[in-house]
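# Observations on the three-dimensional arrangement
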Amino acid sequence: QLHASGGGLVQAGGSLRLSCAASGRTFSSSAMGWFRQAPGKEREFVAAISWNGSSTYYSDSVKGRFTISRDDAKNTVYLQMHSLKPEDTAVYFCAATPLRNGGSYSYGRFYNYWGQGTLVTVSS
């Protein structure tokens, strides 16, 4: 199971850190991703981190502003978000995949576990 938290209301230009806590023994062998879905829009890829933390991946829209990291001792993956914009407003979901091919991480269909989502609202 995955439990996402840390969402909230923030002004444009502000920062938030999302957390995703995982239960079970497969976290350390899973790549982790963050996706988001804005009202009326399709779910989109935000960021991913490989199973061992050696590689990270970002969508162009968040590159340079967001940072994904993981702490395997805590079974937790983080998404640090800076310079937030109103267009970052969405429900953010964390997800886990056993795949090792980084080319698959931006596609939600390759993830087999999903968290419940946490709402991030950025006011202008």
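Structure shown above.
Before going into details, it helps to say that this report is about the structure given with it. Predicted, not measured: the structure shown is a model, and the values here were computed from it. (Residues numbered from 1 in each chain as written. Predicted model: local features only at pLDDT ≥ 70, side-chain atom pairs only at ≥ 80, totals over all residues. Heavy atoms only, no water.)

### Concerning the sheet that holds strand S1 (residues 2–5)
Sheets are built from strands that pair by backbone hydrogen bonding, the pairs being arranged parallel or antiparallel. The strand order across the open sheet built from 4 strands is S1-S3-S8-S7, with neighbouring strands paired in antiparallel fashion. Every interior strand has two partners, whereas the edge strands, S1 and strand S7 (66–71), have only one. Shown here is a sheet whose adjacent strand axes are inclined to one another by a mean of 15°, direction ignored. Two strands pair when backbone bridges link them, and strand S3 (residues 16–22) and strand S8 (residues 76–81) are joined in this way by 6 bridges, in the antiparallel orientation. Considered in S8, the bridge of Leu18 is made with Leu79. (Pairing = 2+ DSSP bridges. Helix = DSSP H or I, 4+ residues; strand = E, 2+ residues; numbered from the N terminus. Axes fitted to C-alpha atoms, helices over the stretch in contact; angles between N-to-C directions.)

### Some words on the state of the cysteines
One pass over the structure, following the stated rule, counts 1 disulfide. The residue that forms a disulfide with Cys20 is Cys94, at a sulfur-sulfur distance of 2.1 Å. Measuring handedness by torsion sign, the sulfur bridge of Cys20 and Cys94 sits at about 65° and is right-handed. A residue pair is termed long-range when its members are at least 10 positions apart, and Cys20 in strand S3 and Cys94 in strand S9 (residues 90–97) qualify at 74 residues. In this structure, Cys20 and Cys94 share a single accessibility class: buried. (Disulfide = S-S within 2.5 Å. Buried < 20%, exposed > 50% of the residue type's maximum accessible area, 1.4 Å probe, protein only.)

### Side note on the pattern of salt bridges
All told, the structure shown has 5 salt bridges when counted by the stated rule. For Arg36, the salt bridge goes to Asp88, with nearest N and O atoms at 2.9 Å. Placement of Arg36 in strand S4 (residues 31–37) and of Asp88 in the loop between S8 and S9 is noted, with a sequence separation of 52 residues between them. You'll find Arg36 and Asp88 in the same group, each marked buried. (Salt bridge = Lys/Arg side-chain N within 4 Å of Asp/Glu carboxyl O.)

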